[in-house]
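# Structure assessment
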Amino acid sequence: MFESDDLERTEEFLSRAYAAMRIGSSTPAESHARISRHASASVSVDLVQMNFEMSYEVGPLGRIGLCSMHTGFIRDHAASAPADTYGPGDVFSLAPPDEPYRGRVDRARYHVTLIAPELLAQVASAASDREPDAVRLTGHRPRCEEAARRLQGIITHLRDHVLDAPDLHDQPLVLSTAAQYLAASVLSAFPHTAPTEETARDRRDARPLTVRRAVAHIEAHADRELTVADIAAAAHVTTRALQYAFRRHLGTTPMRYLRRVRLAAAHEELLRADPGRGVTVTTVAARWGFAHPGRFAREYRAAYGRRPSHTLRA
């Protein structure tokens, strides 16, 4: 948490939190700033409140930076794209990770989300020989208003119900799953450079053997952090070939299959657990990557015909 009325202190903090920057204001005596950060290893979400007009010039972030507006305006924002103005409800990309940007904040409240570039590469359907930073966003606005609203809701939920939940801080599966979901949602919302079509080699590699290798790896490592790229590497194919193989032979995706395996593991743990020793449904669900207890309960009941709490009590 940072809060200050001093423009110089605010500039120092912003330079540490984001990248080297210069800020200015026509009303330095009225320059109240408030920033709160919640973060995991690969994602951070900041809630920023600037109750004054502030100009900024920022160096390259080195990360994918997204801004989702709640109140006020950001005016004349420019990086590689022409200058644009954003208001309530807008979501936009601040700049490519290796480019500076500039603009003006006009009494605004907004979220700034920073994502490690390699996280986008991990969830993209890219060939295995692509560099981790090869995936870039090619537009500064989402494809449509609905995509912007959906992404803004995901960012708010991630901050308020995952990153801001102290009992989930020591649950790596929850944090990694949430980060991958956010990255996938960003790729769904924005135009990008990741390949999306299967190649002839991908279709050739989408064999039952690929599925067997992937399933074996998933079932042996379901208690660890896993990405599509990790599973594809274990199966010796590209992520596109892996996804194509799962659709062709199992009618699902690798990550949905992983979720089913983790749900089954949670079920087994609930069967063995002793509620008298303080075991709860929430702790078991979180240990297997399910951050939202209500959603876990719905999935569990659909799979096993009863509530997880009934299994635990039994």
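All of the points below concern the structure found in this document. No experiment lies behind these values; they were computed from the predicted model shown.

## Considerations on the pairing of strand 8 (residues 101–115)
- For strand 8, a buried count of eleven out of 15 residues is recorded, marking the element as mostly surrounded by other parts of the structure.
- Sheet topology places strand 4 (residues 43–58) next to strand 8; 14 bridges connect them, and they run antiparallel. The residue of strand 8 that forms the bridge with Leu47 is His111.
- In the sheet, strand 5 (residues 64–78) pairs with strand 8 via eleven bridges, with the strands oriented antiparallel. The residue bridging Ala78 from the neighbouring strand is Arg102, located in strand 8.

## A closer look at empty space enclosed by the protein
- Under the counting rule described, the total for this entry stands at one cavity of 30 Å³ or more.
- When its volume is computed, the largest cavity comes out at roughly 200 Å³.
- Taken together, 16 residues form the lining of the largest cavity, with Met21, Tyr56, Tyr101, Tyr110 and Val112 sitting closest to its centre.
- Broken down by secondary-structure element, the contributors of at least two residues to the lining of the largest cavity are strand 4, strand 5 and strand 8.
- The element that contributes the greatest number of residues to the lining of the largest cavity is strand 4, accounting for five residues.
- For the lining of the largest cavity, the per-class residue count stands at 15 nonpolar, one polar and no charged.

## As for the nonpolar core
- With 35 residues, the main nonpolar core has Leu120, Leu151, Leu182 and Val186 as its most contacted residues.
- Elements with a contribution of two residues or more to this core: strand 4, strand 5, helix 2 (117–123), helix 3 (145–163) and helix 4 (172–189).
- For this core, the element with the most residues is helix 4, which contributes nine residues.
- In this view, Leu182 contacts Val43, Thr113, Ile115, Leu151, Ile154, Ile155 and Leu158; residues no more than four positions away in its chain are not counted.

## Some points on the packing of aromatic side chains
- Per the counting criterion, the structure on display carries seven aromatic pairs.
- On the numbers, 6.1 Å between centres and 70° between planes, the contact of Tyr56 with Tyr101 is edge-to-face. Taken together, the positions of Tyr56 in strand 4 and Tyr101 in strand 8 put the pair 45 residues apart, joining distant regions of the chain.
- Their ring planes at 55° and their centres at 5.1 Å tell us that Phe290 and Phe296 sit as a pair that is tilted.
- Its relative accessible area of 3% is what places Phe290 among the buried residues.
- Residue Phe296 is classed as buried on the basis of its relative accessible area of 1%.
- Here the aromatic residues Phe290, Phe296, Tyr300 and Tyr304 are joined through ring pairs into a cluster of three or more.
- Just above the ring of Tyr18 sits the side chain of Arg37; from NZ or CZ to the centre is 5.4 Å.
- Its guanidinium or amino end placed over the ring of Phe73, Arg75 lies 4.5 Å from that ring's centre, counting from NZ or CZ.

About the cut-offs
- Residues numbered from 1 in each chain as written.
- Predicted model: local features only at pLDDT ≥ 70, side-chain atom pairs only at ≥ 80, totals over all residues.
- Heavy atoms only, no water.
- Buried < 20%, exposed > 50% of the residue type's maximum accessible area, 1.4 Å probe, protein only.
- Helix = DSSP H or I, 4+ residues; strand = E, 2+ residues; numbered from the N terminus.
- Pairing = 2+ DSSP bridges.
- 1 Å grid on protein atoms, 1.4 Å probe; cavity = no way out; pocket = protein on both sides within 12 Å on 5 of 7 lines; lining within 4 Å.
- Points joined across faces, edges and corners; volume = space filled by probe spheres on them.
- Nonpolar A, V, L, I, M, F, W, Y, C, P; charged D, E, K, R; others polar.
- Core = buried A, V, L, I, M, F, W, Y, C linked by side-chain atoms within 4.5 Å.
- Contact = heavy atoms within 4.5 Å.
- Phe/Tyr/Trp six-rings, centres within 6.5 Å; stacked < 30°, edge-to-face > 60°.
- Lys NZ or Arg CZ within 6 Å of the ring centre and 35° of its normal.

Everything listed here is a matter of geometry and, on its own, says nothing about what the molecule does.
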